[in-house]
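Each chain is listed here by its residues.
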Amino acid sequence: MKSYFKLARHEGNRMLFDLVEMSIISTYCGEAFHLHAEGVRGAGKTTIMRAARDILPKIRRIKSCIYNCDPENPHCPVHRHLGTEEIRSLGIEEIPMPFLEISHSAKVGTVAGSIDLAKITDQVKPQAALLPGIIPQAHRGILFIDEINRLADTSPEITDILLDVMGNKPGRLQIEEAGLPVVEIPIMVSVWAASNPDEEPGPLEEVRRQLSDRFDMVYYMGRAASVEVVAQMLLNARKAKTGVDAEEVNSANAEYRKKIVEMARMYKVAEMPDYLRDFIARMYVKHNLESLRAVESIQQGAILYSVLHKRKQVNISDVINMVPLALKHRVDGDTFLKITNSLSHESPRKRILNLLGKKQEVEKAGSGG
């Protein structure tokens, strides 16, 4: 697998690197941030997303818990009723943040969960029990789906499961097996997906609009257009095969992981100024946006983007950068053009300054100064 550190950045893919790192930061903090990368075949969408495993930080879990229970907030059927001392007696361990994939051949039982055959056929102590599937095992981590538009078209049952998992933050998963009680567990997982909208069955928003709306950000990835960038990509690919620079790569990835943890600390305390929140709210009302998820995604994305760029406070450029990514898959073409055109002029910044000025005047008047 190509190293994340060695992947070439260019104008066509730079924002995807940012979004991937933003999602890791958010996931580490316990808040899902769902990404969908669109683009032509071979542009490198899946390469970037899969290579991000190199920089995933470690998480703490109850020892050997296949559901990845947080010791401070156990959620699985086995541990959620245990007290602090009982959890401590079981032990706590650190593992890399989970990164699992759903393939197109996967069955519902594989994705959600099924009967644990090993336990039910145990000759000494047979018992009916559930074996968690890919999604509950990805709790507190990343779930990757390649060609998600095809999966949405051919696997409606799995799509319905994803709708529940991505519907709220955290989402929920219901596991049902004949002869066993229904198990419902909260799931906090960031879903990453990739697709080529020009191939059958077409763009995800046309195949399954509900699922498309669940993604916080959708990014259309462009090709490398520079000879120098393509030459660097060829060199990196050659070095990856020969093992050259392996020590440098490992060291760089370790530094990335440290930075992710540091930025996660910043994100936990970061907040958006009220005047920017008002700006986003006005956009929602003015353009009759259908999905509240859209403006929630803009807010979350803007805060993450500011943290990624080490800004002490979210600014208007952070919001504007997130708007197209949060809206392109959620609104019709005319509305999208109206919004993006209005943001490309000076007027939004002026309106922001006016909003801020008015707010400061109200605060000043209220304080008697």
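To keep things clear, this report deals only with the structure shown in the data block. (Residues numbered from 1 in each chain as written. Predicted model: local features only at pLDDT ≥ 70, side-chain atom pairs only at ≥ 80, totals over all residues. Heavy atoms only, no water.)

Looking at the overall build of the chain
Looking only at helices and strands, one finds 17 helices and 11 strands in the chain. Going through the 369 residues of the chain one by one, you find that 49% of them count as buried. Across the chain, every contact between residues at least 6 apart in sequence was considered, and the portion connecting residues at least 24 apart equals 75%. Approximately 18800 Å² of the chain is accessible, and the part contributed by carbon and sulfur atoms is 50%. (Helix = DSSP H or I, 4+ residues; strand = E, 2+ residues; numbered from the N terminus. Buried < 20%, exposed > 50% of the residue type's maximum accessible area, 1.4 Å probe, protein only. Contact = heavy atoms within 4.5 Å. Areas by Shrake-Rupley, 256 points an atom, 1.4 Å probe, with all protein chains shown as cover.)

With respect to the state of the cysteines
Simply put, disulfide is the name for a covalent bond between the sulfur atoms of two cysteines. With the rule as written, the count across this model stands at 0 disulfides. Just so you know, cysteine 69 is unpaired, no disulfide at all, and the nearest cysteine sulfur is the one on cysteine 76, 3.5 Å from it. A residue is classified by how much of its surface remains accessible, and cysteine 69, at 0% relative accessible area, is buried. (Disulfide = S-S within 2.5 Å.)

Re the side chain of serine 306
In this structure, serine 306 sits in helix 14 (residues 292–308). Beyond its immediate chain neighbours, meaning those up to four positions away, serine 306 contacts Arg311, Gln313, Val314 and Asp318.

Notes on the pairing of strand 9 (residues 183–187)
Only one face of strand 9 is covered, namely the face carrying Val183, Ile185 and Ile187; the face carrying Glu184 and Pro186 is uncovered. Pairing between strand 8 (residues 171–175) and strand 9: 5 bridges, direction antiparallel. Paired with isoleucine 175 across the bridge in strand 9 is valine 183. (Pairing = 2+ DSSP bridges.)

A look at a nonpolar patch on the surface
A cluster of nonpolar side chains, contributed by Val230, Met233 and Leu234, occupies part of the molecular surface with about 260 Å² of accessible area. By the secondary structure assignment, valine 230 is in helix 11 (residues 227–242). (Patch = residues over 30% accessible without salt bridge, like charges linked within 9 Å, V, L, I, M, F, W, Y side chains within 5 Å. Salt bridge = Lys/Arg side-chain N within 4 Å of Asp/Glu carboxyl O.)

Topic: the pattern of salt bridges
Inspection of every chain in the model, using the stated rule, returns 16 salt bridges. In this structure, arginine 172 engages aspartate 164 in a salt bridge whose closest nitrogen and oxygen atoms are separated by 3.8 Å. Overall, the relative accessible area of 35% leaves aspartate 164 in the partly exposed class. In this structure, a network of salt bridges that share partners links the residues Asp164, Arg172 and Glu184.

Some words on the environment of histidine 139
Within the element layout of this structure, histidine 139 appears in the loop between helix 6 (134–137) and strand 7 (142–146). For the pair histidine 139 and methionine 97, spaced 42 residues apart in sequence, the C-alpha to C-alpha distance is 9.0 Å. Ignoring any residue separated from it by four or fewer positions in sequence, one finds histidine 139 in contact with Tyr67, Asn68, His75, Pro98, Pro186, Ile187 and Met188.

A short note on helix 8 (residues 156–167)
Because an α-helix completes one turn every 3.6 residues, residues spaced three or four positions apart along the sequence face the same direction. The first and last C-alpha atoms of helix 8 sit 16 Å apart over 12 residues, in line with the 16 Å expected at 1.5 Å per residue. Burial in helix 8 covers these residues: Ile158, Thr159, Ile161, Leu162, Leu163, Val165, Met166 and Gly167. (Expected span 1.5 Å × (residues − 1).)

Side note on the packing of helix 13 (residues 274–286) against helix 15 (residues 316–327)
Two elements in contact, helix 13 and helix 15, have axes whose closest approach is 11 Å; the angle formed by their N-to-C orientations is 30 degrees. When the axes of helix 13 and helix 15 are compared, the pair comes out roughly parallel. In the crossing of helix 13 with helix 15, the sense of the turn from one axis to the other is right-handed. In contact with Leu276, Phe279, Ile280 and Met283 of helix 13, helix 15 contributes Ile316, Val319, Val323 and Leu327. Within the contact of helix 13 with helix 15, the residues separate by chemical class into 8 nonpolar, no polar and no charged. (Axes fitted to C-alpha atoms, helices over the stretch in contact; angles between N-to-C directions. Parallel < 35°, antiparallel > 145°, perpendicular 65-115°, else oblique. Left-handed = near helix turned anticlockwise from the far one by under 90°. Nonpolar A, V, L, I, M, F, W, Y, C, P; charged D, E, K, R; others polar.)

Quick look at the nonpolar core
Formed by 65 residues in total, the largest nonpolar core has its most connected members in Tyr4, Leu19, Val20, Trp192, Val319 and Leu327. Among the elements that make up this core, the one with the highest residue count is helix 14 (9 residues). Core analysis: the second largest hydrophobic core is formed by 36 residues, Ile102, Ala112, Leu162 and Ile187 among them. (Core = buried A, V, L, I, M, F, W, Y, C linked by side-chain atoms within 4.5 Å.)

What to know about helix 16 (residues 333–343)
Residues Thr335, Phe336, Ile339, Thr340 and Leu343 constitute the buried set of helix 16. End-on, the buried residues of helix 16 take up no more than an arc of 120 degrees, which puts them together on one face. Residues of helix 16 that are exposed and point more than 90 degrees away from the buried face comprise Asp334 and Lys338. At the N-terminal boundary of helix 16, the capping side chain belongs to aspartate 332, with an oxygen 3.1 Å from the backbone nitrogen of aspartate 334. (Arc of directions from axis to C-beta. Polar contact = N/O pair within 3.5 Å; in protein donor to acceptor, adjacent residues only side chain to side chain.)

Description of the sheet that holds strand 11 (residues 217–220)
In spatial order, the strands read 4-7-10-1-11; together these 5 strands make up an open sheet with parallel pairing. What marks the edges here is a single partner per strand, and that holds for strand 4 (99–101) and strand 11. The average angle at which neighbouring strand axes cross in this sheet is 20 degrees, direction not considered. Judged from the 4 bridges that link them, strand 1 (residues 35–38) and strand 11 form a sheet pairing that is parallel. The residue bridging glutamate 38 from the neighbouring strand is tyrosine 220, located in strand 11.

Some words on the environment of isoleucine 102
In this structure, isoleucine 102 sits in the loop between strand 4 and helix 4 (108–111). Given a relative accessible area of 3%, isoleucine 102 falls into the buried group. Distance from isoleucine 102 to isoleucine 145, taken between C-alpha atoms, is 5.5 Å for residues 43 residues apart in sequence. With residues up to four places along the chain from it excluded, the contact list for isoleucine 102 reads Val111, Ile134, Ile135, Leu143, Phe144, Ile145, Leu151 and Leu162.

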